[in-house]
Amino acid sequence: MAGHLGSRACGEVGWAATEVRTDRPHPARMYDYFLGGKNHYHVDRIAAEEVVRRVPEAIDSARANRAWMRRAVCHLADMGVRQFLDLGTGLPTEPNLHQVAQSVASDARVLYIDNDPIVLTYAQALLVGNNPNQVDYALGDLRDPQGIIRLARSQDIFDWGQPIALVLSAIAHFIANEEDVANIIATLRSGLPPRSFLALSHATGDLQREKAALGAAVYDEYQATAGVTMRSHQEIEALFSGFTLIEPGLVQVPLWNPDDAVDDEELKRVWLYGGIGQKVTHHEWATGPTSNDQP
């Protein structure tokens, strides 16, 4: 995601395609470095190396988050979900979300949205040979949730009468408090079909607050295109308002339906919570729906 750019129309956020910037670190490219990828620039590598110097756990956290995404998508596909809207796609190493979903259900459809034109360039190469009716990519910004829904509808890839899984994998912590991430997610929820899902993972300072703050500070010190806002378990769980969390709830990502036993040492090194919630219908709301929520 791009930095604190204020409110702009979807498609006009981030850098314009003719203004690709490589002079400032970008969180998506730094994440690629943490995952051992090669889709980053010198400026990203310098900042990412400083994060790792201060917080070696950043690499463990990134890799554990990637593994969580795979398990979460497989779980959703096993539940019958066939439509995935991935926001803040970034430049992750393979397998990518559509590969994971289609390994379970060959008819799964995925729309990737990110606001970095560099990501779009890589995505265009990645998606060569894929059916555009099943996998597509668009430029848009999470900070314009209404624009995101309009953009997703305009791509003609989803059946809006069927549930969609909204995937926010390690992206919401790049939304500052003043940008009201809860309202952003609530707006996205309102635009989703009934019984849709939210799969969200988010960085936290709960485990080692001071050390986590040192790592997050690098994004500001190196003028990355987005800063990091750590949030507590309670604050992250609140982002699932209007969704019912499915088992095992909001937990550290290694504990979310793990493939193998998780040891305590691994948990000490992974500073993200993750969970999946399903959108509730009007009659299921405990306090009544918000005024802009759809059935």
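Note that the structure is predicted; figures quoted are calculated from it, not measured.

Let's talk about helix α7 (residues 181–191)
Thinking step 1. Taken across its 11 residues, α7 has 8 buried, putting it largely inside the fold.
Thinking step 2. Every buried residue belonging to α7 is among Val 181, Ile 184, Ile 185, Thr 187, Leu 188, Arg 189, Ser 190 and Gly 191, and all of these are buried.

Comments concerning the pairing of strand β5 (residues 197–203)
Thinking step 1. β5 sits mainly inside the fold: 7 of its 7 residues count as buried.
Thinking step 2. The alternating pattern of β5 places Phe 197, Ala 199, Ser 201 and Ala 203 and Leu 198, Leu 200 and His 202 on opposite faces, both of which are buried.
Thinking step 3. Of the strand pairs in this sheet, strand β4 (residues 165–169) and β5 are connected by 5 bridges, and their pairing is parallel. Within the sheet, the bridge partner assigned to Leu 168 lies in β5 and is Leu 200.
Thinking step 4. Inspection of the sheet shows β5 paired to strand β8 (residues 272–279) by 7 bridges, in the antiparallel sense.

Some details on the nonpolar core
Thinking step 1. Grouped together as the largest cluster of nonpolar side chains are 49 residues, with contacts concentrated most on Phe 34, Leu 85, Leu 87, Leu 168 and Leu 200.
Thinking step 2. Listed in part, the 33 residues of the second largest apolar core include Ala 28, Val 81, Val 251 and Ile 276.

Thoughts on the packing of helix α2 (residues 42–54) against helix α8 (residues 209–221)
Thinking step 1. One can describe the packing of α2 onto α8 by two numbers: an axis separation of 9 Å at closest approach and a directional angle of 165°. As far as their axial angle goes, α8 and α2 are roughly antiparallel. In the packing of α2 onto α8, the handedness of the crossing is right-handed. Residues Ala 47, Glu 50, Val 51 and Arg 54 of α2 lie in contact with α8, whose contacting residues are Lys 211, Leu 214, Gly 215, Ala 217, Val 218, Tyr 219 and Glu 221.
Thinking step 2. For the contact of α2 with α8, a count of residues per class yields 6 nonpolar, 1 polar and 4 charged.

Here we look at the environment of Asp 60
Thinking step 1. Note that Asp 60 resides in helix α3 (residues 57–78).
Thinking step 2. With 209 residues separating them along the chain, Asp 60 and Arg 269 place their C-alpha atoms 6.1 Å apart.
Thinking step 3. Contact partners of Asp 60, with chain neighbours within four places excluded, come to Arg 269 and Val 270.

Quick look at the pattern of salt bridges
Thinking step 1. Summed over the entire model, instances satisfying the criterion amount to 11 salt bridges.
Thinking step 2. As a salt-bridge pair, Asp 44 and Arg 29 come within 2.6 Å of each other at their nearest N and O atoms. With Asp 44 in helix α2 and Arg 29 in helix α1 (residues 27–34), the pair connects residues that are 15 residues apart, well separated along the chain. Neither Asp 44 nor Arg 29 differs from the other in exposure class; each is buried.
Thinking step 3. Linking Arg 53 and Glu 50 is a salt bridge whose minimum nitrogen-to-oxygen distance equals 2.8 Å.

Criteria and cut-off values
Residues numbered from 1 in each chain as written. Predicted model: local features only at pLDDT ≥ 70, side-chain atom pairs only at ≥ 80, totals over all residues. Heavy atoms only, no water. Buried < 20%, exposed > 50% of the residue type's maximum accessible area, 1.4 Å probe, protein only. Helix = DSSP H or I, 4+ residues; strand = E, 2+ residues; numbered from the N terminus. Pairing = 2+ DSSP bridges. Core = buried A, V, L, I, M, F, W, Y, C linked by side-chain atoms within 4.5 Å. Axes fitted to C-alpha atoms, helices over the stretch in contact; angles between N-to-C directions. Parallel < 35°, antiparallel > 145°, perpendicular 65-115°, else oblique. Left-handed = near helix turned anticlockwise from the far one by under 90°. Contact = heavy atoms within 4.5 Å. Nonpolar A, V, L, I, M, F, W, Y, C, P; charged D, E, K, R; others polar. Salt bridge = Lys/Arg side-chain N within 4 Å of Asp/Glu carboxyl O.

Note that every value here comes from positions in space, so none of it alone points to a role or purpose.
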